[in-house]
Amino acid sequence: MAELAALEDPKAREVNERHGDDHGVNLGKLRALAKRLKTQQELAVRLWETGDTAARLLALLICRPKAFERDALDVMLREARTPKVHDWLVNYVVKKSPHAEELRSAWFADPDPVVASAGWALTTERVAKKPEGLDLAELLDVIEAEMKDAPDRLQWAMNHCLAQIGIEHAEYRTRALGIGERLEVLKDYPTSPGCTSPFAPVWITEMVRRRHG
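Residues numbered from 1 in each chain as written. Predicted model: local features only at pLDDT ≥ 70, side-chain atom pairs only at ≥ 80, totals over all residues. Heavy atoms only, no water.

Under the annotation held in an unreviewed UniProt entry, the chain carries the name DNA alkylation repair protein and is attributed to Streptomyces koelreuteriae.

Structure below.
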């Protein structure tokens, strides 16, 4: 904790806080610290229990994802209120857990939109890598009905799922493009030069173009 405190950088905090994250540690330095510590599950659990955002991010880098029980991951997700902790927990830990599919199903329709966004993120992963058993038409129905008015984090996750369906599954591409055009979610999102817009029709079209040269 003392070492993390010593890495505090006011400029890093300013940038992080603009994205809703309450810590001032440069992520490159945090990763370097994690690389030095290597995997230490017990230390990771203790760091998580501090509640400190930088400590939790470090914990997610040095933990052993398969060591967590399902209920522990559920509690951790509900405690992870800053975007970066939430994202790293889902991407670095839950996706590698044997409980990922069970948690995906449980979180998908959770009344808490931040928890539900994790369910959608795990669903998007399946759309891309293991779509067997998913009802893609039904997913598009839900997106069409609910994405426009969904809270920010949930809307972002649903939009990612919409784009992934359009990119990966040619038979649903026209419908996915049409939903994106009608709902106009993230149409005006500021995008840096050289980056692809998160507006689903632009995103889908660009990724398909790249794949087919």
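S.K.: Go over the nonpolar core, please, and point to the residues and values.
M.R.: Nonpolar side chains tend to gather and get buried jointly when the protein is soluble and globular. Core analysis: the biggest nonpolar cluster contains 32 residues, and Trp48, Leu58, Leu60, Leu73, Leu89 and Trp107 have the highest contact counts within it. Here this core takes seven residues from helix H5 (residues 53–62), the largest share from any one element. For Leu89, the residues in contact, after removing those within four places along its chain, are Trp48, Leu60, Leu73, Met76, Leu77, Ala80 and Val94. Residues Ala116, Met158, Leu162 and Trp203 belong to the second largest nonpolar core, which totals 27 residues. (Core = buried A, V, L, I, M, F, W, Y, C linked by side-chain atoms within 4.5 Å. Buried < 20%, exposed > 50% of the residue type's maximum accessible area, 1.4 Å probe, protein only. Helix = DSSP H or I, 4+ residues; strand = E, 2+ residues; numbered from the N terminus. Contact = heavy atoms within 4.5 Å.)

S.K.: Run through the packing of aromatic side chains, naming residues and quoting values.
M.R.: The final tally for this structure, using the stated rule, is three aromatic pairs. The ring of Trp48 is capped by Arg56, whose NZ or CZ atom sits 4.3 Å from the centre of that ring. (Phe/Tyr/Trp six-rings, centres within 6.5 Å; stacked < 30°, edge-to-face > 60°. Lys NZ or Arg CZ within 6 Å of the ring centre and 35° of its normal.)

S.K.: Give a description of the layout of surface pockets that names residues and reports values.
M.R.: Considered as a void within the structure, the largest pocket measures approximately 990 Å³ in volume. Along the walls of the largest pocket sit 30 residues, with Pro83, Asp87, Arg153, Trp156 and Tyr189 positioned nearest its centre. If you list the elements that add at least two residues to the lining of the largest pocket, you get helix H2 (10–18), helix H7 (83–93), helix H9 (113–129) and helix H11 (152–168). Class assignment for the residues of the lining of the largest pocket results in 13 nonpolar, nine polar and eight charged. Each pocket or cavity is described by its volume, and for the second largest pocket that value is around 200 Å³. Breaking the lining of the second largest pocket down by element, the ones donating at least two residues are helix H8 (100–108) and H9. The dominant element in the lining of the second largest pocket, judged by the number of residues it contributes, is H9, at four residues. Here the lining of the second largest pocket is composed, by residue class, of two nonpolar, no polar and seven charged. (1 Å grid on protein atoms, 1.4 Å probe; cavity = no way out; pocket = protein on both sides within 12 Å on 5 of 7 lines; lining within 4 Å. Points joined across faces, edges and corners; volume = space filled by probe spheres on them. Nonpolar A, V, L, I, M, F, W, Y, C, P; charged D, E, K, R; others polar.)

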